Amino acid sequence: LWKNCLDLIEQKILPENFNTWFTPVYPCAKNENTLTLVVPNRFFERCLRENYLELIHETLEHIADKKLEVCFQVNGNASKAETHSNGNGAHPGNGSTAKGNGHVEPVAEPAAPRVEVGDPANRESFLNPKYAFNSFVIGPNNQFAHAACQAVAQNPAHNYNPLFLYGAVGLGKTHLLHAIGNQITAHNPNLRVRYISAERFTVDLIESIKRDKMAQFRERYRPLDVLLVDDIQFIAGKERTQEEFFYTFNSLYEYHKQIVVSSDRYPKDMKNIEERLRSRFESGLIADIMPPDLETKMAILYKKADLHEKNISQDVAMFLANNIKSNIRELEGVLLRVIAYASFTRRNIDMTLAKEVLKDFTVDKNKNFSIANIQKTVAQYFHIKVSDLKSKKRSRDISIPRQIAMYICREYTQASLPEIGKHFGGKDHTTVIFSHRKISGIVKENSELNGSIQQVLNILES
Ligand code: ADP
Ligand code: MG
């Protein structure tokens, strides 16, 4: 149904608008009277509602031969079934949660698009040509990592093997891994390069075990010249994956093949990882990427705007850079919204528009900062249970994460002190004050613990 609807809509509106507003949307459920569509974020939903809801209704009615309600769900919030029953008031009756008693049939979510590379020899490289060295902005925060990556790209398996890239979420690790791969394949089309996320590696492995295809699994890695493994922290606690990765690592390393891995923490901070793997990671070069300073963030904004053939003024760049703390993915996300919003409303990119967009963006972001989500994220990060956070346990490995979680709740939610206490197993509000004070002190220092707090915040913000 949605597919047919899209075909018709595509004929009715400009291709660029179709791409912007309809390609990211997909259906997730349908019952007798309602079609639920997944949209990337709330800002997107608003634009779609304001400009295309009528068209969607008309088209659906035309195809289904009856009126259908449409509701929206913001991506990533599937479990919460965010359908905004109140919408914006302009379209009463729309956006209400699936009513009626027809059962809801799930519609398969389309598989994530695979990144294909033109060169047939490298079809299996999974490299994204978008991430190149020339689109990477160098600043004091990433200079070293960038230089290390370039050295590896120019001379694979020469000096820095393995190269271990370390950095918090959204700081450019994935970008650099692809850049290495892209440069190597451009200069040496015969070399076999493969990018893979550790998660994908794990999924492949499980599939192969299940289908009794381990020999083929190993065969996929053995002939590679360059292996780029993203987010290796994912294999922590997964014994069989670690074992297999160790095997893959060794067989490549012995034949002097280049290995690059990225991680959101240093090898020594990786818990639940085998010692022999950790020491392999430490045996090469470790290069870190730090959060960018204001100037670097602005330079990134100019560069990204340029890629979209747009200009942004210094005050807009400064405003956005100042308001997005450290995550470059987020910085880019905000810029894209600014650009989309401007072109859509046919306005110039100025401070007024930037402020409007940022406000929406913050609302979208804050939905991650619920007390439950904060607790979950902190517990996951420190490898403890949410129930530990709520317990009375006093050991350091639990009390510190608990104080951090309370601090984040206090700083980033509207919840009152007693309310926060209640969510932590009924603690007194003075405990919350104490925790907040203690962690506030740490946040001002440049300590390792502060690094962890920033990381948790980054995860929550991403
Ligand atoms: P990570 O893998 O560390 O989470 P990514 O590599 O996915 O981060 O980066 C997030 C986004 O930010 C990407 O779109 C990337 O192109 C962009 N980005 C990060 N660092 C830079 C940089 N120094 N210059 C240009 N773009 C960057
Ligand atoms: Mg990444």
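The numbering scheme is per chain: residues are counted from 1 as the chain's sequence reads. Chain letters and ligand numbers both follow the written order, the letters beginning at A and the numbers at 1. It should be noted that, the model being predicted, local features are given only for residues of pLDDT at least 70 and side-chain atom pairs only at 80 or more, the latter also being counted only at that level, while totals for whole chains, interfaces and linings use all residues. To obtain the side-chain values, all non-hydrogen atoms of the structure were used and water was disregarded.

Participant: Sorry, what's going on with the pairing of strand S9 (residues 285–289) here?
Facilitator: Where a strand is regular, its side chains alternate between the two sheet faces. Using a 1.4 Å probe on the protein chains alone, a residue whose accessible area is under 20% of its type maximum counts as buried, one over 50% counts as exposed, and one in between counts as partly exposed. A run of H or I in DSSP counts as a helix once it spans at least four residues, and a run of E counts as a strand once it spans at least two, with each numbered from the N terminus. Alternating positions in S9 separate cleanly, Leu 285, Ala 287 and Ile 289 being buried on one face and Ile 286 and Asp 288 remaining unburied on the opposite face. Pairing analysis gives 5 bridges linking strand S5 (residues 163–167) to S9, with the strands arranged parallel. Considered in S9, the bridge of Tyr 166 is made with Asp 288. Between any two strands, at least two bridges found by DSSP are needed for them to pair.

Participant: Help me out: how do you make sense of the pairing of strand S6 (residues 193–197) in this one?
Facilitator: In terms of residue burial, S6 counts as a mostly covered element, since 4 of its 5 residues are buried. With 5 bridges joining them, S6 and strand S7 (residues 226–230) adopt parallel strand pairing. Across the sheet, residue Tyr 195 finds its bridge partner in S7, namely Leu 228.

Participant: Mind showing me how you'd approach the packing of helix H14 (residues 371–381) against helix H16 (residues 396–412) here?
Facilitator: In a packed pair of helices, the relevant descriptors are the angle between the two axes and the axis-to-axis distance. Contact geometry of H14 with H16 gives a least axis separation of 10 Å together with a crossing angle of 150°. Taken together, the axes of H14 and H16 are roughly antiparallel relative to one another. As for how H14 packs across H16, the hand of that crossing is right-handed. For the pair H14 and H16, the contacting residues are Ile 371, Ile 374 and Val 378 in the first and Pro 401, Ala 405, Ile 408 and Cys 409 in the second. In this count, Pro and Cys sit with the nonpolar residues alongside Ala, Val, Leu, Ile, Met, Phe, Trp and Tyr, while Asp, Glu, Lys and Arg are called charged and the others, Gly among them, polar. For the contact of H14 with H16, the per-class residue count stands at 7 nonpolar, no polar and no charged. Where helices are involved, their axes are fitted lines through C-alpha atoms of the stretch in contact, as for all axes, and angles between N-to-C directions lie from 0 to 180°. Each angle is binned into one of four classes, with values under 35 degrees roughly parallel, values over 145 roughly antiparallel, values of 65 to 115 roughly perpendicular, and all other values oblique. Crossings are sorted by hand: turned counterclockwise from the far helix by less than a right angle, the near helix makes the crossing left-handed, and turned clockwise it makes it right-handed. Two residues form a contact once any of their heavy atoms are found within 4.5 Å.

Participant: Would you mind going over the sheet that holds S6 with me for this structure?
Facilitator: By definition, the strands of a sheet pair up through backbone hydrogen bonds, in either a parallel or an antiparallel sense. Reading across the sheet, the 5 strands line up as S6-S7-S8-S5-S9 and stay open at both edges, with parallel pairing between neighbours. In the strand order of this sheet, the two ends are held by S6 and S9, each with one partner. Averaged over all adjacent pairs, the angle separating strand axes in this sheet is 15°, with direction ignored. Pairing geometry for S5 and strand S8 (residues 258–263), over 4 bridges, is parallel. The residue bridging Leu 165 from the neighbouring strand is Ser 262, located in S8. Running at roughly 135° to S9, helix H4 (residues 143–154) makes contact with S5, S8 and S9 of the sheet. The sheet contacts of helix H5 (residues 173–187) involve S5, S6, S7, S8 and S9, and relative to S7 the element is tilted by about 165°.

Participant: Just to check I follow, could you spell out helix H12 (residues 328–345) for this structure?
Facilitator: Every helix has an expected span of 1.5 Å times one less than the residues it contains. An ideal rise of 1.5 Å per residue puts 26 Å on 18 residues; H12 measures up with 26 Å between its terminal C-alpha atoms. If you check which residues of H12 are buried, you get Ile 328, Glu 330, Leu 331, Val 334, Leu 335, Arg 337, Val 338, Ile 339, Ala 340, Tyr 341, Ala 342 and Phe 344. Residue Asn 327 occupies the N-cap position of H12, its side-chain oxygen lying 2.8 Å from the main-chain nitrogen of Arg 329. Among the residues trailing H12, Arg 346 stands out with phi positive, at a value near 55°. N or O atoms closer than or at 3.5 Å make up a polar contact, with two conditions inside protein: a donor-capable atom paired with an acceptor-capable one, and, for residues adjacent in sequence, both atoms drawn from side chains.

Participant: So what exactly am I meant to see when it comes to the pattern of salt bridges here?
Facilitator: Side chains that differ in sign of charge can pair as their charged atoms come close. Salt bridge criterion: a side-chain nitrogen from Lys or Arg within 4 Å of a carboxyl oxygen from Asp or Glu. According to the stated counting rule, one finds 17 salt bridges in the structure shown. For Asp 264, the salt bridge goes to Arg 265, with nearest N and O atoms at 3.1 Å. A relative accessible area of 8% means that Asp 264 is categorised as buried. One salt bridge connects Lys 304 with Glu 332, and the closest N-O pair in it is separated by 3.5 Å. One end of the pair, Lys 304, is in helix H10 (residues 294–307); the other, Glu 332, is in helix H12, with 28 residues separating them in the sequence. A residue is classified by how much of its surface remains accessible, and Lys 304, at 13% relative accessible area, is buried. Where salt bridges share partners, they join Glu 207, Lys 210 and Arg 211 into one cluster.

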